Every structure is written in structure tokens, then in C-alpha cells.
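# Inside the fold
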Amino acid sequence: MHGTKRTKAASALTGLFLDLFRLNNLVIASGDRLVAGLGLTSARWQVLGTIVAADRPQPVAWLARDMGANRQNVQRIVNDLAEEGLVAFKPNPHHRRAQLVVLTDTGKQAFDAAMRLQAPWVNWLSEGIEVGELETTHSVVKALRRKLEGEAEEQA
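Per chain, residue numbering runs from 1 following the sequence as it is written. Note on the predicted model: pLDDT of at least 70 is required for a residue's local features to be given, and 80 or more for side-chain atom pairs to be given and counted; whole-chain, interface and lining totals, by contrast, use all residues. Note that the side-chain values use all heavy atoms of the structure and ignore hydrogens as well as water.

Let's shift gears to the environment of Arg 22. Segments assigned H or I by DSSP are reported as helices when at least four residues long, segments assigned E as strands when at least two residues long, and all are numbered from the N terminus. Inspection of the secondary structure assignment puts Arg 22 in helix α1 (residues 8-35). Residue classification places Arg 22 among the exposed residues on the basis of a relative accessible area of 59%. Sequence-wise, Arg 22 and Ala 88 are 66 residues apart; in three dimensions their C-alpha atoms are separated by 34 Å. Burial status follows relative accessibility: with a 1.4 Å probe on protein chains alone, a residue under 20% of its type maximum counts as buried, one over 50% as exposed, and anything between as partly exposed.

This part takes up the packing of helix α2 (residues 42-53) against helix α4 (residues 71-83). Two numbers describe how α2 lies on α4: the axes approach to 10 Å, and their chain directions differ by 90°. On the basis of the axis angle, α2 is roughly perpendicular to α4. Contacts between α2 and α4 involve Ala 43, Arg 44, Val 47 and Leu 48 from the first element and Val 74, Ile 77, Val 78, Asp 80 and Leu 81 from the second. For the contact of α2 with α4, the class distribution of residues is seven nonpolar, no polar and two charged. For helices, the fitted axis covers only the stretch in contact; all axes are lines through C-alpha atoms, and the angles between them, taken along N-to-C directions, range from 0 to 180 degrees. Put simply, angles under 35 degrees are roughly parallel, angles over 145 are roughly antiparallel, angles from 65 to 115 are roughly perpendicular, and the rest are oblique. By definition, residues are in contact when any of their heavy atoms lie within 4.5 Å. In this classification, Asp, Glu, Lys and Arg are treated as charged, Ala, Val, Leu, Ile, Met, Phe, Trp, Tyr, Cys and Pro as nonpolar, and every other residue, Gly included, as polar.

As used here, the term nonpolar core means buried Ala, Val, Leu, Ile, Met, Phe, Trp, Tyr and Cys residues forming a set that is joined through side-chain atoms within 4.5 Å. Counting 20 residues, the largest nonpolar core has Leu 40, Val 47, Val 74, Val 78, Leu 81, Val 87 and Val 101 as its most contacted members. Looking at this core, the elements with two or more residues in it are α2, α3 (60-67), α4 and α5 (105-126).

Okay, structure coming up:
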């Protein structure tokens, strides 16, 4: 049975979580400002990026899973993107109701433009931080994510 007293590692992790929450909010706000001129938000940009990263067209539920996001929220964003002509739906041969989401030419152009803006921004953010430190941080975040994903699967 776990006590109520945190270990040193747990206290350090709690501090990290608090800073990650603040960082997440700052990254989203900065991303929103970065791509606002393209008619995008960080959330729309993330959905477009998830579509681009997929090896084949996927239904919304799979996109949401890949993003670690709520399916209903992703569906709302995809519907907005479809209304603006950035994505389209095509029939799914494996599931009649779960259509596949595909990027349109306009969507690809918007995503490419966002990535052109992202390069100098992320270069600036990474200035003065050692690559090894970033790689270590990434490894820790992935390890924590895997644990939490495993917990979620056990509870499902």
C-alpha cells in the first residue's frame, strides 16, 4: 500500500507536471499566434499534422487515438476543417459509418505553410539547450506516456 508521503522522485515529477501544464498552455498560445494568419489554430494544425503523419487515411477515432485526444473534440475540429475545404471525407471500405479523413490540396498547402513558420520558431526555442538534454527529456516524457497509456488500457 502506498503511503501519502511522496518520494523525492515523486515530488520532482509533481513539479515537472506543473511546469508541463504551464508549458503546454504557452506552446498552444504561441502556436495559435504563429499560424493565425493562415486561418489555423494549434488544434487544427495538430489535426492536420496527424493526418499527414499517418501512413494511410484514417477515421476520426484513429486520429484521436494517435493524438491522445477526445474523439468528439477531434470530430468537431475535422468537421470545421472540412467546412473550410482543408480536409475531405472518403468512404471507408472497412466501416460504412466511419469515413476516412483525407487532406485536400488546400489543406496540404496550409499545413506546409504552417511548417515553414514552425522551423524558425522551433529553432529559436531550442537555442541554448543541449540536444542531449532535449533527447533525455523526450525519453522521460515517452516513458511516462507509455505508463499512463498502459494504465488506461488496463482500466478499459
